[in-house]
Amino acid sequence: MSLDIDKIILHSLRPGSDGQPHADTRSQTLVPDEAVQGLMAELHRIYNGKGGKGFGFFADPEAAVAELADGEEAPKQPSPAFRIALEQLLGEQMEFVPFSVSMTQLLVQHLVEHALDEQGVLLFAKYNYVGVDYLMMALLEGKESVTVSEALELSHIQYLDIGKLNLVARIDLTEWQTQPDSRRYITFSKGRVGRKLGDFFLDVLGAREGMDAKLQNKGLLQAVEDYCDSQQLEPAERNDYKKQVFKYCTEQASAGEEIEIRELSAELPGDNDLDFYSFIGKEYELEDRFPADRSTLRGLTKFVGSGGGLTLSFEQKLLNSRIFYDPQTDTLTIRGVPPNLKDQLTRSS
């Protein structure tokens, strides 16, 4: 197995009598047996394929103050507590168990400050995967289910639901130590509602938000559109080109890998003078690699829009063949209504 566990420990978060989260901590690390190895391998796989992650880096308070304009009031600076403890851990000035206990207490403190009601099993793991060192912190939710014994009797069991991973952060220790100017060695779950979860992790880790993966994907789509324009591609050629980009990006996402711009360019057709990678240059401010955002990438092959109670989505290749847009009257004409929609319309007319 290419995943090697250095240290791993479990603590737990539970609601106290005062309604606030409290921690129960363990005093020893886990033995990395087959069950633990399997758990970490699955957590790593699921997290790699998880969309909507935030990216960040440890904040430098002095640099943040230096960036302020004259007379501008300094915002509240992130606490360096997590970074300092991590440096002590890596410098062997602190053992893994007290590090995890201290960080659990820090996490509970910020849960209270952010009014987040979270409970479950809190995992800290330091591990290596294909030559890269990571530190993962994940809150695993407990679930109850029913099992059948050998005597064909039913009984209740508790298990960890690792498929959700709503509260998780990971630090690429190798990138942090070898590329200190990187702005993406910290990743964390952002949640689907507002910025509450993202802000929570930035505060806990003492981090600032770095690369915006969704913005990177939007920049890629714009670069593809502009490249097709520069090559004066016909509609069919343009659609084929976008399909190739979409295929590569979605395959990378399914494999838990990131979009590599140079690798993508090598798979795309282009003239000898100007391939896609050369066309992008520095104008689009795209990172060399970034995670695929599936919702944004749909814009490569589909037109999608909603508003005023109307939602439309159709393949771009259908424009001017089955679907026609008249900008003068701002109307769409659809030829060949899908049978299931046609049936609903017929019964309602």
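What comes next is a walk through the structure.

Calculation notes
Residues numbered from 1 in each chain as written. Predicted model: local features only at pLDDT ≥ 70, side-chain atom pairs only at ≥ 80, totals over all residues. Heavy atoms only, no water. Helix = DSSP H or I, 4+ residues; strand = E, 2+ residues; numbered from the N terminus. Buried < 20%, exposed > 50% of the residue type's maximum accessible area, 1.4 Å probe, protein only. Contact = heavy atoms within 4.5 Å. Lys, Arg positive; Asp, Glu negative; His and termini not counted. Charge placed at Lys NZ, Arg CZ, Asp CG, Glu CD. Arc of directions from axis to C-beta. Phe/Tyr/Trp six-rings, centres within 6.5 Å; stacked < 30°, edge-to-face > 60°. Lys NZ or Arg CZ within 6 Å of the ring centre and 35° of its normal. 1 Å grid on protein atoms, 1.4 Å probe; cavity = no way out; pocket = protein on both sides within 12 Å on 5 of 7 lines; lining within 4 Å. Points joined across faces, edges and corners; volume = space filled by probe spheres on them. Nonpolar A, V, L, I, M, F, W, Y, C, P; charged D, E, K, R; others polar. Salt bridge = Lys/Arg side-chain N within 4 Å of Asp/Glu carboxyl O. Pairing = 2+ DSSP bridges. Axes fitted to C-alpha atoms, helices over the stretch in contact; angles between N-to-C directions. Parallel < 35°, antiparallel > 145°, perpendicular 65-115°, else oblique. Left-handed = near helix turned anticlockwise from the far one by under 90°. Core = buried A, V, L, I, M, F, W, Y, C linked by side-chain atoms within 4.5 Å.

A word on the overall build of the chain. Per the secondary structure count, the chain includes twelve helices and 15 strands. Judged by the C-alpha coordinates and their principal axes, the chain covers about 70 × 65 × 45 Å. For the chain, the residues scored as buried account for 38% of the 349 residues in total. Intrachain contacts of the chain at a sequence separation of at least 6 include 63% that bridge at least 24 residues. Taken as two groups, the 36 positive and 56 negative side-chain charges of the chain have centres that lie 6 Å from each other.

Among the residues making up helix H3 (residues 81-90), those that are buried are Phe82, Ala85, Leu86 and Leu89. Taken end-on, H3 shows its buried residues confined to a sector of 100 degrees, consistent with a single buried face. Each element contacted by the buried residues of H3 is listed here: strand E3 (53-58), helix H4 (96-113), strand E5 (132-148), strand E7 (167-172), helix H5 (173-178) and helix H6 (196-205). One or two steps after H3, the chain reaches Glu92, where phi turns positive at roughly 60 degrees.

Attention now moves to the packing of aromatic side chains. Counted by the stated rule, this structure contains 15 aromatic pairs. Aromatic side chains Phe188 and Phe201 sit 6.1 Å apart centroid to centroid with 40 degrees between the ring planes, which places their arrangement in the tilted category. With a gap of 13 residues between them, Phe188 in strand E8 (residues 186-189) and Phe201 in helix H6 connect regions that are remote in the sequence. The structure contains a cluster of three or more aromatic residues connected by ring pairs, namely Phe58, Phe82, Phe96, Phe99, Phe124, Trp176 and Tyr185. Positioned above the aromatic ring of Tyr47 is the side chain of Lys53, whose terminal nitrogen or guanidinium carbon lies 4.9 Å from the ring centre. One cation-aromatic arrangement involves Arg170 over Tyr134; the distance from NZ or CZ to the ring centre is 4.3 Å.

Further remarks concern empty space enclosed by the protein. All chains considered together, the criterion is met by two cavities of 30 Å³ or more. Along its surface, the largest cavity is lined by Asn239, Lys242, Lys243, Leu300, Thr301, Glu315, Gln316 and Lys317. Ranked by residues supplied to the lining of the largest cavity, first place goes to helix H8 (residues 235-254) with three residues. A per-class count over the lining of the largest cavity returns one nonpolar, three polar and four charged.

A separate point is the pattern of salt bridges. One pass over the full model with this rule turns up 14 salt bridges. Between Lys126 and Asp6 there is a salt bridge, and its shortest N-O distance comes to 3.0 Å. Note that Lys126 is positioned in strand E4 (residues 120-129) and Asp6 in strand E1 (residues 3-15), a separation of 120 residues in sequence. Exposure remark for Asp6: the relative accessible area of 41% places this residue in the partly exposed category. Where Arg83 meets Glu87, a salt bridge forms, and the shortest distance between an N and an O atom there is 3.2 Å. Of the two residues, Arg83 and Glu87 are both situated in helix H3; the distance of four residues between them amounts to about one turn of the helix.

Take the layout of surface pockets next. Each pocket or cavity is described by its volume, and for the second largest pocket that value is around 310 Å³. Forming the boundary of the second largest pocket are 17 residues, of which Ser313, Phe314, Ile323, Ile334 and Pro338 lie nearest the centre. At the level of secondary structure, the elements contributing two or more residues to the lining of the second largest pocket comprise strand E13 (310-315), strand E15 (331-334) and helix H12 (339-348). A total of six residues in the lining of the second largest pocket trace back to one element, the largest contributor, which is E13.

Here the focus is unusual backbone geometry. Within the chain, Val130 stands out as a residue other than glycine whose phi angle is a positive 40 degrees. Secondary-structure assignment places Val130 in the loop between E4 and E5. The phi dihedral of Gln232 falls on the positive side, at around 50 degrees, and the residue is not glycine.

Moving on, we get to the pairing of E3. Most of E3 sits inside the fold, with six of its six residues counted as buried. Where E3 and E8 come together, four bridges link them in antiparallel fashion. Each bridged residue has a counterpart across the sheet, and for Phe55 the counterpart in E8 is Thr187. One ladder, built from three bridges, connects E3 with strand E9 (residues 207-209); its direction is antiparallel. If you follow Phe58 over to E9, its bridge partner there is Ala207.

Let us look at the packing of helix H7 (residues 213-230) against H8. Where H7 meets H8, the closest approach of the two axes is 10 Å, and the angle between their N-to-C directions is 150 degrees. Between H7 and H8, the angle falls in the class roughly antiparallel. Between H7 and H8 lies a crossing whose hand is right-handed. In contact with Leu220, Val224, Glu225, Tyr227, Cys228 and Asp229 of H7, H8 contributes Arg238, Tyr241, Lys242, Val245 and Cys249. A per-class count over the contact of H7 with H8 returns seven nonpolar, no polar and four charged.

What follows is about the nonpolar core. Residues Phe82, Leu86, Met137, Ile171 and Phe200 are the most contacted members of the largest nonpolar core, which totals 38 residues. For this core, the element with the most residues is H4, which contributes nine residues. Once you skip the residues sitting within four places of it in the chain, Ile171 turns out to touch Phe58, Phe82, Leu86, Asp133, Tyr134, Leu135, Tyr185 and Ile186. Formed by 27 residues, the second largest nonpolar core is a distinct cluster that contains Ala223, Tyr241, Ile259 and Phe276.

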